[in-house]
Amino acid sequence: MKSILTHIDNKIATLTLNRPEVFNSFNREMALLLQNELDACEKNPDVRAIVITGSGKAFCAGQDLKEVTSPELNPGFKKILEEHYNPIISRIRNIEKPVIGAINGVAAGAGANIALACDVVIASENASFIQAFSKIGLVPDSAGTFFLPRLIGFQKASALMMLGDKVSAEEAEKLGMVYKVVSSENFIEEVNAIANTMANMPTKALGLTKRLLNNSMQNSLEEQLNLESKLQIESAQSEDYAEGVDAFVNKRKPEFKGR
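Residues numbered from 1 in each chain as written. Predicted model: local features only at pLDDT ≥ 70, side-chain atom pairs only at ≥ 80, totals over all residues. Heavy atoms only, no water.

Glancing now at the overall build of the protein. Secondary structure summary: the protein contains 11 helices and 10 strands in total. Taken against the 2.2 N^0.38 rule, which gives 18 Å for 259 residues, the C-alpha radius of gyration of the protein at 19 Å falls within 12% of a compact globule. Dimensions of the protein, computed from the C-alpha atoms along their principal axes, are close to 65 × 45 × 35 Å. Every one of the 259 residues in the protein was classed for burial, and the buried ones make up 46%. Relative to all contacts within the protein whose residues are 6 or more apart in sequence, the contacts with residues 24 or more apart total 65%. Surface exposure of the protein reaches about 13300 Å², of which carbon and sulfur atoms provide 55%. Averaging the locations of the 28 positively and 32 negatively charged side chains of the protein gives two centres separated by 1 Å. (Helix = DSSP H or I, 4+ residues; strand = E, 2+ residues; numbered from the N terminus. Rg over C-alpha atoms; globule rule 2.2 N^0.38 Å. Buried < 20%, exposed > 50% of the residue type's maximum accessible area, 1.4 Å probe, protein only. Contact = heavy atoms within 4.5 Å. Areas by Shrake-Rupley, 256 points an atom, 1.4 Å probe, with all protein chains shown as cover. Lys, Arg positive; Asp, Glu negative; His and termini not counted. Charge placed at Lys NZ, Arg CZ, Asp CG, Glu CD.)

The structure is reproduced here in structure tokens:
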């Protein structure tokens with residue numbers, strides 16, 4: 001059984017972490033396969049939105065500890081970080097298409113931080129988030145120390161990472177960790193609706209917006225203003241901009257092509 005299930009339909013690629021018997025925790029096979037699937041989505045012009053979710057009751061429990069405690073399986077932390085998690089985070093952030101985290105259940109450790117790296121995070125009411133690293137004597141990885149303080153503030157992030165408190169979906173929404181929480185009954189329907197909306201938006205503009213947000217993490221005000229000017233000029237040369245303006249002027253619904 002494949003550890004990543006890929007389904008492409010109506011311009012949306014859904015990547016499902018598929019090791020439900022271990023709460024979709026990562027082993028080397030799944031980490032490398034997720035990277036391959038993200039690469040394929042980036043190159044596929046028919047994919048204009050990407051959804052990452054989990055099978056079963058969990059989104060992702062982070063690293064499969066069986067792998068790191070079995071001498072014959074253990075790739076070592078250097079390889080795990082440099083070849084598994086860091087490339088996954090980089091791909092999520094650098095693919096210039098919207099990546100939606102559909103958090104269906106518990107997201108722990110690296111699983112929580114992969115969720116936080118997505119462009120839009122939708123959580124089921126059954127979801128929860130936990131920075132589980134301190135519970136076993138490790139430090140947060142997978143860019144958790146980068147994204148979480150920026151999302152919820154330094155003090156709250158520090159406490160959650162050091163204490164390892166579990167955060168419910170409702171609290172995560174209040175803190176600003178996730179975009180929206182929906183009922184378990186409506187979860188798939190809501191994820192599909194948002195993914196469909198984003199898949200039919202001007203993909204190039206969304207990708208350039210993502211690039212601006214990435215650069216805003218370290219740019220000065222002057223640098224960010226200059227980059228906004230450069231990318232606004234680029235987006236104004238797109239087919240979707242011409243379509244959007246024409247649709248607005250003629251009072252019709254635009255039909256964006258992602259170009």
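Alright, that's what it looks like, and here's the rest.
Right, let's get into the sheet that holds strand E4 (residues 58-60). Taken in spatial order, the 4 strands of this open sheet run E4-E6-E8-E9, and their pairing is mixed. Of all strands in the sheet, those bounded by a partner on one side alone are E4 and strand E9 (166-168). The average undirected angle you get between the axes of adjacent strands in this sheet is 20°. With 3 bridges joining them, strand E6 (residues 106-108) and strand E8 (residues 128-130) adopt parallel strand pairing. Its bridge partner lying in E8, Val 106 is registered against Ser 128. (Pairing = 2+ DSSP bridges. Axes fitted to C-alpha atoms, helices over the stretch in contact; angles between N-to-C directions.)

This next bit is on the sheet that holds strand E1 (residues 4-9). One open sheet accounts for 6 strands, arranged E1-E2-E3-E5-E7-E10; its pairing is mixed. The open sheet terminates on both sides in strands that have one partner only, identified here as E1 and strand E10 (180-182). This sheet shows a mean twist of 20° between the axes of neighbouring strands, independent of strand direction. Pairing between strand E7 (residues 120-124) and E10: 3 bridges, direction parallel. Across the sheet, the residue bridging to Ser 124 is Val 182, located in E10.

Here we come to the nonpolar core. By size, the foremost hydrophobic cluster in this structure holds 48 residues, and its most contacted members are Phe 26, Ile 50, Ile 92, Ile 103, Phe 129 and Met 177. Ignoring sequence-local partners within four residues, the contact set of Phe 129 consists of Ile 103, Ala 107, Ala 115, Ala 123, Asp 165, Lys 166, Val 167, Ala 172, Met 177 and Val 178. By size, the runner-up hydrophobic cluster in this structure holds 14 residues, among which are Ala 49, Ala 102, Val 182 and Ile 194. (Core = buried A, V, L, I, M, F, W, Y, C linked by side-chain atoms within 4.5 Å.)

Summarising the element assignment, Ile 233 is placed in helix H10 (residues 221-236). As for Ile 233 and Arg 259, which are separated by 26 residues in sequence, their C-alpha atoms are 14 Å apart.

Below, the discussion takes up the pairing of E1. Pairing geometry for E1 and strand E2 (residues 12-17), over 6 bridges, is antiparallel. Opposite Asp 9, over in E2, you have Ile 12 as the bridge partner. Counted between consecutive antiparallel strands, the loop separating E1 from E2 contains 2 residues, among which Asn 10 sits at a positive phi close to 55°.

Another aspect to go through is unusual backbone geometry. One non-glycine residue with positive phi stands out, namely Ala 143, at about 70°. Mapped onto the fold, Ala 143 is located in the loop between E8 and helix H5 (144-152). For Lys 251, which is not glycine, the phi torsion reads 55° and is therefore positive. One can find Lys 251 in the segment after helix H11 (239-249).

A few words now on H5. Where H5 is concerned, the buried positions are Gly 144, Phe 147, Leu 148 and Ile 152. Take H5 and look down its axis: the buried residues cluster within an arc of 95°, on one side only. Residues of H5 that are buried in the fold lie against helix H3 (77-94), helix H4 (110-117), helix H6 (154-163) and helix H7 (169-175). Phi for Gly 153, located one or two positions after H5, is positive at around 100°. (Arc of directions from axis to C-beta.)

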